[in-house]
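Coordinate inspection notes
Letter by letter, the chains look like this.
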Amino acid sequence: MADGKGKGSSGGMEVDAETDSGIPVRPLYGPEDARVDPEKDLGVPGEFPFTRGVYPSMYRGRLWTMRQYAGFGTAEETNRRYQYLLERGQTGLSVAFDLPTQMGYDSDHVMARGEVGRAGVAIDSLEDMRTLFQGISLDQVSTSMTINATASTLLALYVAVADEQGVARERLTGTVQNDILKEYIARGTYIYPVDPSLRLVSDVMEFCSREMPRWNTISVSGYHIREAGSTAPQEVAFTLANGLEYVERALTSGIALDDFAPRLSFFFAAHNDFFEEVAKFRAARRLWARLMRERHGADDRACRLRFHTQTGGSTLTAQQPLNNVVRVTTQALSAVLGGTQSLHTNGYDEALALPTEEAAALALRTQQVLAHESGVPRTADPLAGSYFVEALTTEVEERAREYLLEIEERGGAAGAVSYMQEEIHRAAYAFQKAVEDGTRTVVGVNAFRDGSPTPKIPQADFSALERSQREKLAQLKSRRDERQVSDALDAVREGARGTENLVPLLIRAVKALGTLGEIGDALRAEWGTFSGGRGSLT
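Residues numbered from 1 in each chain as written. Predicted model: local features only at pLDDT ≥ 70, side-chain atom pairs only at ≥ 80, totals over all residues. Heavy atoms only, no water.

A word on the packing of aromatic side chains. Tallying each qualifying case throughout the model produces 19 aromatic pairs. With 5.3 Å between their ring centres and 45° between their planes, Tyr158 and Trp215 make a pair best called tilted. Of this pair, Tyr158 sits in helix H5 (residues 151-165) while Trp215 is found in strand S7 (residues 215-216), placing the two residues 57 residues apart along the sequence. Of the residues examined, Tyr158 reaches a relative accessible area of 0% and is grouped as buried. On the basis of relative accessible area, Trp215 is assigned to the buried category, the value being 0%. A centroid spacing of 5.2 Å and a plane angle of 85° characterise the contact between Phe274 and Phe275, whose relative ring orientation is edge-to-face. (Phe/Tyr/Trp six-rings, centres within 6.5 Å; stacked < 30°, edge-to-face > 60°. Helix = DSSP H or I, 4+ residues; strand = E, 2+ residues; numbered from the N terminus. Buried < 20%, exposed > 50% of the residue type's maximum accessible area, 1.4 Å probe, protein only.)

Here is the structure:
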């Protein structure tokens with residue numbers, strides 16, 4: 001690994017700077033510093049190893065999808081926000097679910113008290129899902145759902161709404177995150193033990209390969225790993241390690257590589273160190289292509305790493321929140337120059353509350369200015385050949401490979417959870433320490449403070465929202481056919497004890513108006529729950 005003092009054009013000058021991830025940065029870079037073979041390491045866009053992009057024409061052929069992440073309390077409120085964003089030019093929907101929905105609890109469960117609708121939209125039943133997409137034809141939008149432990153149930157609800165709309169399943173486009181490993185590693189919204197959880201992941205992949213060929217069955221998420229405090233090389237390595245685990249699990253379950261690998265997608269964060277972030281995206285694409293070719297002999301379609309990007313939530317500051325407009329713009333530009341396929345830009349006020357309409361609209365306008373005024377989309381990978389960017393791309397790839405070797409020695413992602421957790425903890429501690437001792441500048445936080453008060457953002461009446469959601473749930477249960485619900489939930493429990501694909505059984509259950517919480521309880525009764533703690537998941 002480079003020590004930061006290379007000879008090249010920098011003339012052996014001493015290093016006095018480094019990236020946010022601790023990669024040494026020399027004062028000057030020249031041709032000898034790039035460490036890149038133009039044919040082997042770069043190629044052209046649309047061709048292996050895809051360093052320069054996954055499509056030949058990149059954004060000249062089609063702009064990235066502008067997919068603003070949104071979920072606000074009730075399905076009615078969230079639908080209004082979707083309509084607002086679609087009217088202003090958004091090209092894809094992205095659903096944020098509240099914590100009870102993520103954890104498999106209905107809004108009337110004791111565990112949901114005080115949390116209903118706070119972090120996103122509450123979805124208890126098919127009626128909520130219908131309301132969420134009321135007036136939106138599901139064959140006219142691409143929908144991303146950031147959901148993991150209950151991903152199979154939310155997908156079932158989405159399919160049920162599409163069936164009611166008369167939209168053929170093969171016409172549905174979008175992504176379900178469905179990345180449970182990162183929950184054990186970094187985020188914590190898991191429910192079941194690892195093996196049944198990974199079975200649900202594989203069931204979704206198999207079902208979609210048969211019935212929803214345009215749907216991305218998993219979005220392997222580095223975003224939450226980065227938000228937990230990892231460095232850029234750790235984000236790449238731990239994300240790709242999880243991706244490799246999913247590939248192995250799918251192959252073991254009997255799904256052919258060509259039936260699922262081309263529909264894998266990834267999800268990365270964009271943080272503040274501009275050139276390191278561009279290099280990170282390019283390195284991730286190249287490394288994934290090489291790993292899939294080396295380990296599985298995958299063809300080009302299965303080697304392409306397509307990814308969504310969200311600007312860094314953890315980089316937003318409550319102090320001087322308008323500064324976040326600049327942070328988000330810089331981060332979004334790094335994602336575009338790094339070749340993202342879709343992008344969410346955070347609202348400047350999200351360190352204070354759910355984003356206001358004004359902030360959400362400005363975040364969308366930020367993408368539109370980049371797309372239509374900056375000139376950036378006119379050529380593919382415009383930073384290619386930069387001595388600095390190519391050197392950083394190679395350095396991030398090499399550091400990520402070192403982590404992957406360590407993970408492989410520990411049995412793969414499922415066996416290396418404690419290792420990845422510890423590495424993230426170390427990186428997060430080092431970052432916070434640097435902020436507190438002033439060696440890392442955060443404008444408005446530990447430098448350039450002006451004493452301006454933190455603005456107050458109006459908060460929703462979450463108590464009233466929770467009461468409303470509980471009342472709707474009670475009404476649903478009073479008028480549904482309980483025998484039909486009971487039979488459908490019994491089928492889910494029986495399926496959980498066997499080996500058949502659970503997704504069709506979940507679709508039957510939600511169409512019978514079984515709730516998300518009832519389905520979660522049925523699976524908990526058969527599989528139990530993951531007790532938490534650290535260590536191997538195997």
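Next comes the rest of the account.
At a minimum axis distance of 10 Å, the contact between helix H13 (residues 323-337) and helix H14 (residues 357-372) shows a crossing angle of 40°. Taken together, the axes of H13 and H14 lie oblique to each other. In this structure, the crossing between H13 and H14 has a hand that is right-handed. Taking contact as the criterion, the partners of Val325, Thr329, Ala332 and Leu333 in H13 are, on H14, Leu362, Thr366 and Leu370. A breakdown of the residues in the contact of H13 with H14 according to their chemical character gives five nonpolar, two polar and no charged. (Axes fitted to C-alpha atoms, helices over the stretch in contact; angles between N-to-C directions. Parallel < 35°, antiparallel > 145°, perpendicular 65-115°, else oblique. Left-handed = near helix turned anticlockwise from the far one by under 90°. Contact = heavy atoms within 4.5 Å. Nonpolar A, V, L, I, M, F, W, Y, C, P; charged D, E, K, R; others polar.)

Moving on: unusual backbone geometry. Cis geometry marks the peptide bond from Phe48 to Pro49, where omega comes out at 5°. Look at Arg35: it is not a glycine, yet its phi comes out positive at around 50°. For Arg35, the position within the fold is in the loop between strand S2 (24-25) and helix H1 (38-42). The residue Gln320 is not glycine, and still its phi comes out positive at about 45°.

This paragraph deals with the pairing of strand S5 (residues 142-146). Where burial is concerned, most of S5 is hidden: five out of the five residues are buried. Side chains Ser142, Ser144 and Thr146 of S5 all project onto a buried face; the interleaved residues Thr143 and Met145 project onto the opposite face, where all are buried too. Alignment of strand S4 (residues 92-96) against S5, held across four bridges, turns out to be parallel. Residue Ser94 lies in a different strand from S5, and its bridge partner there is Ser144. (Pairing = 2+ DSSP bridges.)

Attention now moves to helix H2 (residues 75-87). Compared with the 18 Å implied by 1.5 Å per residue over 13 residues, the 18 Å span of H2 between its first and last C-alpha is a close match. Restricting attention to buried positions, one finds in H2 the residues Ala75, Thr78, Asn79, Arg81, Tyr82, Tyr84 and Leu85. Gly89 sits one or two residues past H2 and shows a positive phi near 105°. (Expected span 1.5 Å × (residues − 1).)

Core analysis: the largest hydrophobic core is formed by 140 residues, its most contacted members being Met129, Leu132, Met145, Leu154, Trp215, Phe260 and Trp288. Among the elements that take part in this core, helix H11 (residues 274-296) stands out by supplying eleven residues, more than any other. Among all residues touching Met129, those that are not within four sequence positions of it are Ile123, Met145, Leu154, Leu157, Tyr158 and Val161. Ala112, Val116, Phe462 and Leu465 belong to the second largest nonpolar core, which has five residues in total. (Core = buried A, V, L, I, M, F, W, Y, C linked by side-chain atoms within 4.5 Å.)

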